Amino acid sequence: MSHSAAATPSIPQPIDIPVAGMTCASCVRRVEKAIAAVPGVVHAAVNLAAERAHVQLDRGGRLPDVVDAIRKAGYDPGTHTVDLAIQGMTCAGCVARVEKVVRAAPGVVEAAVNLATERASLTLVDGADLDAVIAAVAKAGYDARPIGANDGAGQTDRERAARAAEISALRGAAAVAAAATLPLFAVEMARHAVPGFHHWLAATVGEQPWRWVSLVLAAFVLAVPGGRFFAKGVPNLLRGTPDMNSLVVLGAGAAFLYSAVATVAPLVAPGLLPAGTDNVYFEAASVIVTLILVGRLFEARAKGRTSEAIKHLLTLQAKTARVERRGQVVELPIAEVVVGDIILVRPGERVPVDGAVLDGSSYVDESMITGEPLPVEKGPGAAVVGGTVNKAGAFRFRAEKVGAATLLSQIVRMVETAQGAKLPIQAMVDRVTAWFVPAVMVAALLTFAAWYFFGPAPALSYALVNAVAVLIIACPCAMGLATPTSIMVGTGKAAELGILFRQGDALQGLRDVTTVAFDKTGTLTLGRPTLTDLAVVDGFEDGEVLRLVAAVEGRSEHPIAQAIVAGAQARGLTPPVAEGFQAVPGFGAQARVDGRVVAVGADRYMARLGIGVAPVAETAARLGGEGKSPLYVAIDGHLAAILAVADPVKPEAAEVVRALHAAGLKVIMVTGDNRRTAEAVARTLGIDDVAAEVLPEGKVAAVKDLQRRHGRVAFAGDGVNDAPALATADVGLAMGAGTDIAIEAADVVLVRGDLRGVATAIALSRAVLGNIRQNLAWAFGYNVVLIPVAAGALYPLWGLLLSPMVAAGAMALSSVSVLTNALRLRRFRPL
């Protein structure tokens, strides 16, 4: 293979990597030592003042390893991500080629190219030359253009327009090719199917004149509508990096050239071809190009349907906003709205950006976020979200999040990121497709040689036809589309259901989990606890104890504390001012109220304070058995009362647990509540096991213990208090809080906060991976079975050969079949 743009440079260029977090000379030595330990590093020099590492790699050195070494040493290598729109890719070979040239460019840490989305996601070191990357892609024969973070609807509009133009061009090319091919195909079929037609053609038109007509028609088909294949395929052949287009060029070109020689040879060089081998295959060359164009047309249409989720999300975005500027109301493009702008929303209009209502009132349809069909009442102080629809009233609000910071933009970005992700299963596909096209060319050469030297007469004709069939039947397109199309459709469907995959590989990770662990408060329960019981010890009075406890809990923001305060207020009590408030996370709190020391907390808090709880043990057992959380009150070092708070279980919780059990999963509850309360809730819901009385920092250890005992664990929590556990689990599912979806610790965000989303996400993950397996089985199976058939494997047994025309039709059908199968995921039904 000749040296090409796709080849890695023989001597990698030195690279400067920004390094943040260094404070002294010892930091410099630590970073230099970490970099120098990376295999392939020739030289490393770190500059503290410039905060940069100058690194020279040899041929085997890898920039990702250097960046990872800096990070593991405790410092932050400056990197950023960039998305490129890539035009001109047609098959898995193109993907592998683009990834290779991009990864070889200076400053590129990682690159992932997606055929279905026609995008490349790059991680670059800060300061890397993006233009050099784009130039490398261009040199490899593809067009690349950066996609800005705020391109939003404009970028998608351009992509939609480009897709429409591509479909229009393919439709025109296929129609022209079909019109020119039809006479060739009809005559050839009539020769075989209509008795006497062959003699009639020879007598009226003449065999040689018809060959000249066929040559002209076939040349037109290959040069005009088929010119796109030659424009891409020939340069890639010359670079030594053949692709799908190259196979078409070789197959159709070989059939045409052989036929042209057979047409011209009798006139200029009689006897050039052996007797009986001067057959022509003009119709085969033309039909090949026509069928592949038709297949590309269907493929382009199907690709457009796979990205409908993004299109739908972007239709929710308002184009303009009515903004107060200099005392006047002006209508501005959405891109010109800034934080702090006062925006007016009339009935029936979409809310343009996220913000808070200043005045006015209305009902807003927030079904895009919550999934609830009933509009939500909005008044002063209420939060509104861009993309939601105002119903009856009018209001003014202050813009708080604009552009890429809005909820809708975050959702779109998450979906795009997930759709562009590469699952671990794709690594196997990439390894195969890297050598697939060259392997097909070798197979075609071996086929030609076998038929030419060992085949029946006319050997040259048989050799040509079967070699062409091998070149045409091979379909790297189907292999390249098998995984990304399923991911695109699956993650798009997930977005419709309020499930956002922040990490694309969470799709595969969810499929493999064996255990689902739930946080209790706010996840299995509504997260709005209420005060249900209060029992005082002899010598204390109900109202006074509750008044003092409410004073202490009024200083806390914990939901249980707020429930106690609300319970006191509901009884008409006014809590006094608490002084010297002290909270002990996971235990309780205490403060001085009216000169008395009041402590409130769990039994372990009383034990820490040396206060016995035996007098209320029977009551505590009863409350715990009822699924309530008992809390103890001590006043001036003496046990004063026991009270209970209950957090109602979500209505759908039991249904979700049953669905997970039906899917063969173990369900665990992890909570800080006392064991009796937790076990009571678990019994109610049918949960398998409980990890109770777990402190916030202990949830990580609890998840690790579950992983050790049960294998891969998914953890579902509220995304804030449970962030460490979400990050530790194999897959973290964060229950969204409506507008707060930017939860960095989670792999999956359930925007609507509906517990059914957990079971739905797992079911969808299994459906997507199952769909990918089907696609790969079809794509690989198709090639494994039909390439030998095209080579003539059935001829010795049954005398069957595969016509190049049939091969072209089958190849076109292969890609369309994969896309059609992926589109079935749009019919997925949630729990």
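Thresholds, definitions, all that
Residues numbered from 1 in each chain as written. Predicted model: local features only at pLDDT ≥ 70, side-chain atom pairs only at ≥ 80, totals over all residues. Heavy atoms only, no water. UniProt positions renumbered as here; feature names shortened; annotations may be inferred. Helix = DSSP H or I, 4+ residues; strand = E, 2+ residues; numbered from the N terminus. Buried < 20%, exposed > 50% of the residue type's maximum accessible area, 1.4 Å probe, protein only. Contact = heavy atoms within 4.5 Å. Axes fitted to C-alpha atoms, helices over the stretch in contact; angles between N-to-C directions. Parallel < 35°, antiparallel > 145°, perpendicular 65-115°, else oblique. Nonpolar A, V, L, I, M, F, W, Y, C, P; charged D, E, K, R; others polar. Domains from an automatic or database assignment. Pairing = 2+ DSSP bridges. Core = buried A, V, L, I, M, F, W, Y, C linked by side-chain atoms within 4.5 Å. Phe/Tyr/Trp six-rings, centres within 6.5 Å; stacked < 30°, edge-to-face > 60°. Salt bridge = Lys/Arg side-chain N within 4 Å of Asp/Glu carboxyl O. 1 Å grid on protein atoms, 1.4 Å probe; cavity = no way out; pocket = protein on both sides within 12 Å on 5 of 7 lines; lining within 4 Å. Points joined across faces, edges and corners; volume = space filled by probe spheres on them.

An unreviewed UniProt entry lists the chain under the name P-type Cu(+) transporter, with Nitrospirillum iridis as the source organism. You can read under Catalytic activity (unreviewed entry) in the UniProt record for the chain the words "Cu(+)(in) + ATP + H2O = Cu(+)(out) + ADP + phosphate + H(+)".

Secondary structure summary: the chain contains 29 helices and 29 strands in total. Each of the three principal axes of the chain carries a C-alpha extent, and together these read 125 × 65 × 65 Å. Every one of the 831 residues in the chain was classed for burial, and the buried ones make up 52%. When contacts within the chain are restricted to residue pairs at least 6 apart in sequence, those whose partners lie at least 24 apart make up 70%.

It is the contact of helix H27 (residues 756–791) with helix H29 (residues 804–823), at a shortest axis distance of 9 Å, that shows an interaxial angle of 170°. Taken as axis vectors, H27 and H29 run roughly antiparallel relative to one another. Contacts between H27 and H29 involve Asn771, Gln774, Asn775, Trp778, Tyr782 and Leu786 from the former and Ala807, Ala810, Met811, Ser814, Ser817, Val818, Asn821 and Ala822 from the latter. A class-by-class count of the residues in the contact of H27 with H29 yields 8 nonpolar, 6 polar and no charged.

On to the domain arrangement of the chain. For the chain, the assigned domains read domain 1 (13–148), domain 2 (149–306), domain 3 (338–401), domain 4 (407–496 + 762–830), domain 5 (497–525 + 649–761) and domain 6 (530–646). Inter-centroid distance (C-alpha atoms) of domain 3 to domain 4 is 48 Å.

The 7 strands lie next to each other as S17-S29-S28-S27-S18-S25-S26, forming an open sheet whose pairing is mixed. Every other strand in the sheet has two partners, leaving strand S17 (499–501) and strand S26 (689–691) as the edge strands with one partner each. Pairs of neighbouring strands in the sheet enclose a mean axial angle of 20°, with direction left out of account. Along the sheet, helix H25 (residues 699–710) contacts strand S18 (515–519), strand S25 (666–670), S26 and strand S27 (713–717); its crossing angle with S25, the most-contacted strand, is approximately 160°.

Turning to the nonpolar core, a few remarks are in order. Formed by 175 residues in total, the largest nonpolar core has its most connected members in Ile35, Val66 and Phe518. When residues no more than four places from it in sequence are discounted, the contact partners of phenylalanine 518 are Thr523, Leu524, Val656, Leu660, Val667, Ile668, Met669, Val670, Phe715, Ala716, Leu755 and Val758. Core analysis: the next-biggest nonpolar cluster, separate from the first, contains 25 residues, Val549, Ala568, Val600 and Leu631 among them.

So, about the packing of aromatic side chains. Throughout the structure, instances matching the rule amount to 10 aromatic pairs. Seen in terms of ring centroids, tryptophan 451 and tyrosine 795 are 5.2 Å apart; in terms of plane orientation they differ by 70°. Their pairing is edge-to-face. One end of the pair, tryptophan 451, is in helix H14 (residues 425–454); the other, tyrosine 795, is in helix H28 (residues 795–798), with 344 residues separating them in the sequence. Classification of tryptophan 451 by relative accessible area gives buried; the value is 8%. On the basis of relative accessible area, tyrosine 795 is assigned to the partly exposed category, the value being 26%. Between tyrosine 462 and tyrosine 795, the aromatic rings sit 6.1 Å apart at their centres with planes inclined by 55°, giving tilted as the arrangement. Note that tyrosine 462 is positioned in helix H15 (residues 459–473) and tyrosine 795 in helix H28, a separation of 333 residues in sequence. The rings of Phe448, Tyr452 and Phe453 are connected pair by pair, giving a single aromatic cluster.

It is worth spelling out the pattern of salt bridges at this point. Side-chain pairing between opposite charges can occur once the charged atoms of the two side chains come close. Scanning all chains against the criterion turns up 23 salt bridges. Where arginine 396 meets glutamate 324, a salt bridge forms, and the shortest distance between an N and an O atom there is 2.8 Å. Linking arginine 396 in strand S16 (residues 394–401) with glutamate 324 in strand S9 (residues 320–325), this pair joins segments that are 72 residues apart in sequence. When its relative accessible area of 25% is taken as the criterion, arginine 396 is described as partly exposed. Relative accessible area serves as the criterion here: at 29%, glutamate 324 is assigned to the partly exposed category. Two residues, aspartate 512 and arginine 511, come together in a salt bridge whose shortest N-O distance is 2.4 Å. Residue class for aspartate 512 comes out partly exposed when judged on its relative accessible area of 30%. Salt bridges sharing partners connect three or more residues here, namely Glu99, Arg103 and Glu110.

Tallying each qualifying case throughout the model produces 3 cavities of 30 Å³ or more. Taken as a whole, the largest cavity holds about 130 Å³ of empty space. Val95, Val113, Lys422, Gln426 and Asp430 are, among the 17 residues lining the largest cavity, the residues nearest its centre. Of all the secondary structure elements, the ones that give two or more residues to the lining of the largest cavity are helix H3 (92–104), strand S6 (108–114), H14 and helix H16 (476–496).

Now for the UniProt feature "domain: HMA" (unreviewed entry) in the chain. Mapped onto the present numbering, the UniProt feature "domain: HMA" (unreviewed entry) falls on residues 13–78 and 80–145. The distance separating the terminal C-alpha atoms of residues 80–145 is 17 Å; by composition the span is 35% helix and 38% strand.

This paragraph deals with unusual backbone geometry. Residue proline 458 follows alanine 457 across a cis peptide bond; omega there is -5°. Tracing the backbone shows proline 458 in the loop between H14 and H15. Positive phi is not limited to glycine here, since aspartate 636 has a value of about 50°. Note on placement: aspartate 636 falls in the loop between strand S23 (629–635) and strand S24 (638–646). Relative accessible area serves as the criterion here: at 40%, aspartate 636 is assigned to the partly exposed category.

With that out of the way, let us pick up the environment of glycine 387. Within the secondary structure layout, glycine 387 lies in the loop between strand S14 (383–384) and strand S15 (389–390). Judged by relative accessible area, glycine 387 falls into the buried class, the value being 2%. Placed 205 residues apart in sequence, glycine 387 and arginine 592 show a C-alpha to C-alpha distance of 49 Å.

In this fold, threonine 515 is placed in strand S18. Not counting the four nearest positions on each side in its chain, threonine 515 is found in contact with Leu665, Lys666, Ile668, His710, Arg712, Val713 and Ala714.

This paragraph deals with the UniProt feature "transmembrane region" (unreviewed entry) in the chain. Following the UniProt record, the feature "transmembrane region" (unreviewed entry) maps to residues 168–190, 210–231, 247–268, 280–298, 432–454, 460–483, 776–795 and 801–823 here. Secondary structure within residues 280–298 divides into 89% helix and 0% strand; the distance between the first and last C-alpha atoms comes to 30 Å. Secondary structure content for residues 460–483 is 92% helix and 0% strand, while the C-alpha to C-alpha distance between its ends is 40 Å.

What follows deals with the pairing of S27. S27 sits mainly inside the fold: 5 of its 5 residues count as buried. Of the two faces of S27, the one carrying Val713, Phe715 and Gly717 and the one carrying Ala714 and Ala716 are both buried. Direction of pairing for S18 relative to S27: parallel, over a ladder of 4 bridges. Across the sheet, residue phenylalanine 518 finds its bridge partner in S27, namely alanine 716. Relative to strand S28 (residues 731–735), S27 runs parallel, the two being bridged by 4 bridges. Within S28, the position partnered with alanine 714 by the bridge is valine 731.

Our next topic: the side chain of glutamine 508. Take glutamine 508: it is sitting in helix H17 (residues 506–511). For glutamine 508, a relative accessible area of 12% puts it in the buried group. Here glutamine 508 is in contact with Leu423, Pro424, Ile425 and Leu769, once residues within four sequence places are set aside.

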